[in-house]
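Structure at a glance
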Amino acid sequence: MNKLKSVNSGNNKIKKYYIFFFLIITLLIVYVQITSHEFVWDDDVHITENAYDLNNDDSSILKYWRLDPRLLYSPVTYTFWNLLKRFSIMLSGGIEPLYLHIFSIILHLFNVLLIYKIILRIFHSRTSAFWGCLLFGLHPLQVEAVAWASAQRTLLMTFFGLLSILNFLKFSQFERKKTFFYFLSLGFFFLSNFAKPAAVVIPFIIFIILYNTKYPNFRRSIILLVPFILISLIQVIISLSLGDPVLNEVKPLWSRLFIISDTINFYLLKLLFPFKLSSYYGRTPTVIMNTSWFYLSSLIPFSILSLLIIFRKKLRYPIMGFSIFIIGILPVSGLITFEGQNWNTVADRYIYLPMLGFGILFAYLYKKYHFKFKFILFSGICLFWGMWSGLKQVPVWQNDYTLWSHTASCYSDELIPHNRIAVWFYHHQNYKKAIGEFNKAIEINPLHFQSLYGRALALTGAGRFPEAIEDYNMVINTDPDDTTALYNRALLHIRTGSYEKALADLTNVIKLNSNDAEALYNRAAVLYQLGKYNDAYADLLEYRKLGKEVPVEFLNNIKLRLKELNY
């Protein structure tokens with residue numbers, strides 16, 4: 001009997017290892033492509049040139065735990081990024097995206113295996129756990145979180161969050177080492193919470209799993225979730241202390257339930273039909289509220305919720321999965337205002353952790369229907385479709401051009417993708433194509449300042465100075481105090497020999513900012529060209545007072561002219 005038990009145990013271990021091997025190979029086939037990808041989008045702002053590293057001489061990683069209102073407070077993530085950058089510099093002499101992408105793949109693999117462990121504890125079925133974690137790992141909605149280096153904070157948050165959930169489930173089940181698992185869970189939750197603030201939902205996910213699986217010592221376990229809530233409150237207080245971001249999309253409280261409904265519908269639709277997945281959807285609260293289906297959209301999630309409540313005794317696990325999904329997206333659903341909603345109320349990376357709920361739901365369906373041929377066929381199709389969709393979606397994130405070209409092909413009437421493509425062309429000195437894309441963006445919004453600025457720079461690069469001046473005129477007519485536009489227009493006036501116009505613009509810049517050294521120097525050069533040597537000399541003295549070194553030849557020329565005029 002003991003011998004038989006030992007043999008069965010060995011067979012189970014082999015089966016488990018086969019499952020892990022298949023998962024790893026399958027995921028690597030899809031995601032190994034990102035090792036050749038570049039940094040894209042705002043990777044410079046978040047990773048390569050973040051404010052912590054650029055504006056702080058302190059080399060200690062403790063600096064990432066200081067508050068900076070310009071950045072999302074996620075010190076754990078910034079610490080990992082710093083270590084990865086040091087590792088990259090040590091091996092390659094510079095910050096290479098390769099090492100961050102490899103780390104993202106590793107994190108995703110670990111997250112999939114942790115999902116497997118969690119679902120296994122819920123259903124006690126390895127095949128069910130396998131299908132559940134496969135959905136989590138292969139669904140194309142997950143590509144953004146894995147392929148975009150800046151979304152690594154989501155992967156880290158999920159990694160530590162899943163470890164927290166798993167260890168709390170062990171604490172609730174095991175009689176031995178209960179204290180060890182509890183504090184391990186609490187520690188991992190702390191790391192998750194400070195990897196990304198959205199981790200505040202983790203205690204509620206734990207509650208949902210415990211409640212629906214009827215774990216032993218449920219009430220005592222819930223009381224012991226209080227420290228988790230306190231850590232979440234600390235993160236909330238810290239986020240509030242950093243000051244409110246500039247929010248253009250704050251909507252009345254009554255409307256936010258409808259915005260949440262639209263968000264839920266969007267993710268459900270993309271889950272079932274993951275077409276036109278994009279880095280940008282343009283679904284701000286204002287856009288959503290102006291649609292004809294805004295109020296009707298609430299019927300779908302409320303109908304689903306009503307059916308689950310009515311049949312709650314039979315649909316315990318679907319309720320668990322749907323509830324985890326809802327709780328997971330709440331911080332970025334529109335209920336609470338957040339800076340990202342100026343750009344998008346929805347994003348693929350927002351659903352990375354909430355996908356745990358759909359993994360549980362798929363595992364439940366497999367456990368219930370796995371003997372039926374139709375479900376086996378359906379599962380096989382899902383596996384093939386997941387790999388195929390992922391293989392198609394991952395290359396989208398190769399570089400900024402592929403990313404925003406794909407977005408523009410999906411949503412051609414959106415301004416942002418055309419603007420981003422134009423910026424990419426500009427940086428690659430393809431000014432003709434940059435101007436063409438900026439034109440498309442300006443057609444959508446003639447007063448989009450970023451596109452006007454960009455087109456002016458591209459026109460300058462192409463040598464079309466009068467047209468560039470016209471773009472700056474449009475900006476300055478709207479905002480006469482825009483020093484950047486005034487300064488750039490002044491430089492163009494200098495190039496075209498319009499020194500009086502350049503002098504007027506530079507004088508306005510200095511009136512608005514008397515410490516603008518470059519404006520002072522260029523005004524001195526213009527005054528020199530106009531023969532106003534005394535005024536030019538005065539500007540150079542002011543320029544020197546600002547700690548700048550005046551070119552000796554320029555200064556000597558002015559002194560010579562003044563001497564000739566007997567000054």
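Computed from a predicted structure; not experimentally measured.

Before going further, it helps to spend a moment on the overall build of the protein chain. Helices and strands together make up the secondary structure of the protein chain, namely 28 helices and zero strands. Looking at the protein chain residue by residue over its 567 residues, the buried ones come to 51%. In the protein chain, of all internal contacts separated by at least 6 residues, the share reaching a separation of at least 24 is 69%. Surface exposure of the protein chain reaches about 27,600 Å², of which carbon and sulfur atoms provide 62%.

So, on to a nonpolar patch on the surface. On the surface, a cluster of nonpolar side chains totalling about 470 Å² of accessible area is made up of Phe-21, Ile-24, Ile-25, Leu-28, Ile-29 and Leu-391. The biggest single contributor to the nonpolar patch is helix H1 (residues 2-31), with five residues. Inspection of the secondary structure puts Ile-29 in helix H1.

Where helix H19 (residues 400-410) contacts helix H20 (residues 415-427), the two axes come as close as 8 Å, and the packing angle between them is 155°. If you check the angle between H19 and H20, you find them roughly antiparallel. Regarding H19 and H20, the two cross each other, and that crossing is left-handed. In this structure, H19 uses Asp-400, Tyr-401, Trp-404, Ser-405, Thr-407 and Ala-408 to contact H20, whose residues at the interface are Ile-416, Pro-417, His-418, Arg-420, Ile-421, Trp-424 and Phe-425. Split by residue class, the contact of H19 with H20 holds eight nonpolar, three polar and two charged.

So, about the confidence of the model for the protein chain. With 89% of its residues at a pLDDT of 70 or more, the protein chain has an overall mean of 85. Low pLDDT, under 50, characterises residues 1-11; the predicted model gives this stretch zero contacts beyond four residues in sequence or across chains.

Quick look at helix H9 (residues 178-193) now. Compared with an ideal rise of 1.5 Å per residue, which puts 16 residues at 22 Å, H9 spans 22 Å between its outermost C-alpha atoms and is within 8% of the ideal. The set of residues buried in H9 consists of Lys-178, Phe-181, Tyr-182, Ser-185, Leu-186, Phe-188, Phe-189, Ser-192 and Asn-193. Buried residues along H9 cover an arc of 165° about the axis, so they all sit on one side. Exposed positions of H9 whose direction lies more than 90 degrees from the buried face are Thr-179 and Phe-183.

The subject of this paragraph is the environment of Leu-560. Along the chain, Leu-560 falls in helix H28 (residues 552-564). The partly exposed category is assigned to Leu-560, whose relative accessible area is 46%. Once the C-alpha coordinates of Leu-560 and Tyr-533 are considered, the two residues, 27 residues apart in sequence, prove to be 9.6 Å apart.

The next point concerns unusual backbone geometry. Of note, the phi angle at Lys-276 is positive, near 55°, even though the residue is not glycine. Mapped onto the elements, Lys-276 comes out in the loop between helix H13 (253-272) and helix H14 (285-289). Residue class for Lys-276 comes out partly exposed when judged on its relative accessible area of 48%. Within the chain, Gln-429 stands out as a residue other than glycine whose phi angle is a positive 60°.

Between two aromatic rings, the relevant description is the distance of the centres plus the angle of the planes. A full pass over the atoms with the stated rule returns 47 aromatic pairs. Ring geometry for Trp-148 versus Trp-397: centroids 6.1 Å apart, planes at 25°, classification stacked. Note that Trp-148 is positioned in the loop between helix H7 (143-147) and helix H8 (152-173) and Trp-397 in the loop between helix H18 (373-393) and H19, a separation of 249 residues in sequence. Chaining the aromatic ring pairs together yields one cluster made of Phe-80, Phe-103, Phe-110, Phe-159, Phe-160 and Phe-188.

How each quantity is defined
Residues numbered from 1 in each chain as written. Predicted model: local features only at pLDDT ≥ 70, side-chain atom pairs only at ≥ 80, totals over all residues. Heavy atoms only, no water. Helix = DSSP H or I, 4+ residues; strand = E, 2+ residues; numbered from the N terminus. Buried < 20%, exposed > 50% of the residue type's maximum accessible area, 1.4 Å probe, protein only. Contact = heavy atoms within 4.5 Å. Areas by Shrake-Rupley, 256 points an atom, 1.4 Å probe, with all protein chains shown as cover. Patch = residues over 30% accessible without salt bridge, like charges linked within 9 Å, V, L, I, M, F, W, Y side chains within 5 Å. Salt bridge = Lys/Arg side-chain N within 4 Å of Asp/Glu carboxyl O. Axes fitted to C-alpha atoms, helices over the stretch in contact; angles between N-to-C directions. Parallel < 35°, antiparallel > 145°, perpendicular 65-115°, else oblique. Left-handed = near helix turned anticlockwise from the far one by under 90°. Nonpolar A, V, L, I, M, F, W, Y, C, P; charged D, E, K, R; others polar. pLDDT = per-residue confidence, 0-100. Expected span 1.5 Å × (residues − 1). Arc of directions from axis to C-beta. Phe/Tyr/Trp six-rings, centres within 6.5 Å; stacked < 30°, edge-to-face > 60°.

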